[in-house]
Amino acid sequence: MKRVLALLSLFVPQSWLSTAYIVERVSILAVDPDTCEHEWDVIAGIWSTVELQVQCRKCATYSEVPDPTKEEWDACAGAMENPYPWEDKSRIRYYQVDGAIH
């Protein structure tokens with residue numbers, strides 16, 4: 001039932017929902033990161049370390065791509081507003097969360 005309500009809440013304007021519920025909805029709808037076959041989107045550039053931040057669109061896990069080329073770095077300028085797919089999984093440095101690599 002929680003999953004059905006979470007799916008239905010996708011049709012409700014975000015401003016009507018609490019931030020706590022939006023976070024809970026992500027955890028209800030997301031796939032388990034340990035078993036997920038990640039599909040990554042570039043969502044930001046990290047200035048302090050010059051890395052691309054990527055997020056899995058299935059399980060909402062974050063990771064990063066170190067040492068982007070100049071073209072990749074330039075392309076990430078609008079990624080927060082317009083995330084785009086990242087295909088080269090071999091370059092992703094996975095985060096370790098609670099003893100599990102994501």
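Described below are features of the structure shown in this document. Given the structure is predicted, the values throughout are model-derived calculations rather than measurements. (Residues numbered from 1 in each chain as written. Predicted model: local features only at pLDDT ≥ 70, side-chain atom pairs only at ≥ 80, totals over all residues. Heavy atoms only, no water.)

Comments concerning the pairing of strand β1 (residues 40-46)
Of all seven residues in β1, five are buried, a share of seventy percent or more. As judged from the six bridges shared by β1 and strand β2 (residues 51-56), these two strands associate in the antiparallel manner. Within β2, the position partnered with isoleucine 46 by the bridge is glutamate 51. Between the antiparallel neighbours β1 and β2 lie four residues, among them valine 50 with a positive phi of about 50 degrees. Alignment of β1 against strand β4 (residues 84-86), held across three bridges, turns out to be antiparallel. Paired with tryptophan 40 across the bridge in β4 is tryptophan 86. (Buried < 20%, exposed > 50% of the residue type's maximum accessible area, 1.4 Å probe, protein only. Helix = DSSP H or I, 4+ residues; strand = E, 2+ residues; numbered from the N terminus. Pairing = 2+ DSSP bridges.)

Some details on the nonpolar core
Membership of the largest hydrophobic core comes to 13 residues, with the highest contact counts inside it found for Val42, Leu52, Val54 and Trp86. Counting residues per element, the ones that place at least two in this core are β1 and β2. In terms of residue count, the dominant contributor to this core is β2 (three residues). (Core = buried A, V, L, I, M, F, W, Y, C linked by side-chain atoms within 4.5 Å.)

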